[in-house]
Amino acid sequence: MRSAVLAILIAGAVLAATLAGGALFSRLPFEQAPVEVVGVTFDEVDGSPVIDARVRNNESNTLTGEVWYVITRTADARPVYEHPPVAFGPLDPRQSIVIRLERPGWAPADGFAIDVWVRETFNALQEPVPQVVPSSVTLREQGIEVTLRDVGLDRLQLTPDSARLAVALALANRGDEAHDYRVIFTLRPVQDPQGAFYQSPFQDLALGPGQSTVLEFEDQVALAPGDYVLSGWLQVMNDEGLYEHVVKVDAPQILTVGS
C-alpha cells in the first residue's frame, strides 16, 4: 500500500465543539497555542495501524486536553472519519506526551489526508452545574468585579442549524497589583445540564491596578432548539504561573433558541 497523503494540522486550546455528535471545528492560535501537536508517527502494532501523536504543553501551568484526528478525502476535502477525542493530562509545564490512536486500515491509501488536532480542556465544566448564579459579582478579597451583560442567542436565517452567540464581560481590577486573566464562555442545555455543551476558546485579559475593560465575544454555534444557560468562567494567574478558577457568572436570563 502506498504512503499516505498527510496533512498534519496543529491546533491549540482555542477550539470549540458543537453539541454531541457534531463535528469539531478549529481556530488557529493567535500566537503560540497553549497545547500543540509537535510530532506524528504512523506505525503498526500487532498488524493494526496506529497513530502516535506527541503533544506539548507550552504553558507555565499544568493543563489537561484532548487529541483526535480527522480523515478527509483529498479530492473534495470531505471528512469521511473522525476519531473521538482522547483525554490526556494533567500535563506538566513545557512537557510532552505521546498519545496512541488506532486508525482504519484503509486510511494510508492515496487519496486521503489525516489531520491531527489537540485542544486544552477546562476541568470545571465537568463539575455539577449549579442553578443560575448572579450575573454580576464583586470579590473584595481578590479585588475583582465581573459582570456578564449584553447577551444574545439568535437563530441564523441562512444556516438554520446554527445560532449567533453574543456576550460582553466587564472586568475591573480593584487591587493594587497587575494580573493576567482568562475567560471562557459556555452554553449548557437547561433540560440536560450534564449533557453536551458549547465551550468557547479561552479569551486572555491583562489588567493593571485600577484598570477595567469590556470583553466582547461573538461566535456561530450549532444548537438544537431549547433553553440554555450562558455562563462566563473567570480564571486568574497566581504567583506560580498557574491559572486558578475564581468565579462563575451567568447571563441574567435563560436563552431560548427555536427550531
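Values in this document were obtained by computation on a predicted structure and should not be read as measured data.

1. Here we look at the packing of aromatic side chains
Then, in step 1: Under the defined criterion, the tally for this structure stands at 2 aromatic pairs.
Then, in step 2: With a centroid separation of 6.0 Å and 40° between ring planes, the pair formed by tyrosine 69 and tyrosine 81 is classed as tilted. Of this pair, tyrosine 69 sits in strand β3 (residues 63–73) while tyrosine 81 sits in strand β4 (residues 78–82); the two residues are 12 residues apart in sequence, bridging distant segments of the chain.
Then, in step 3: Tyrosine 69 gets classed as buried once you look at its relative accessible area, which sits at 0%.
Then, in step 4: Given a relative accessible area of 31%, tyrosine 81 falls into the partly exposed group.
Then, in step 5: Note that arginine 182 overlies the ring of phenylalanine 202, its terminal NZ or CZ placed 4.1 Å from the centroid.
Then, in step 6: Its guanidinium or amino end placed over the ring of tyrosine 243, arginine 182 lies 4.3 Å from that ring's centre, counting from NZ or CZ.

2. Some thoughts on the sheet that holds strand β9 (residues 144–155)
Then, in step 1: Pairing within the open sheet is antiparallel, and its 4 strands lie in the order β8-β9-β10-β14. Because the sheet does not close on itself, it has two edges, and the strands there are β8 (136–139) and β14 (212–222). Neighbour-to-neighbour, the strand axes of the sheet open up by a mean angle of 15°, direction not taken into account.
Then, in step 2: For β9 and strand β10 (residues 162–173), the ladder comprises 10 bridges, and the chain directions are antiparallel. Across the sheet, the residue bridging to valine 146 is leucine 171, located in β10.

Rules and cut-offs
- Residues numbered from 1 in each chain as written.
- Predicted model: local features only at pLDDT ≥ 70, side-chain atom pairs only at ≥ 80, totals over all residues.
- Heavy atoms only, no water.
- Phe/Tyr/Trp six-rings, centres within 6.5 Å; stacked < 30°, edge-to-face > 60°.
- Helix = DSSP H or I, 4+ residues; strand = E, 2+ residues; numbered from the N terminus.
- Buried < 20%, exposed > 50% of the residue type's maximum accessible area, 1.4 Å probe, protein only.
- Lys NZ or Arg CZ within 6 Å of the ring centre and 35° of its normal.
- Pairing = 2+ DSSP bridges.
- Axes fitted to C-alpha atoms, helices over the stretch in contact; angles between N-to-C directions.

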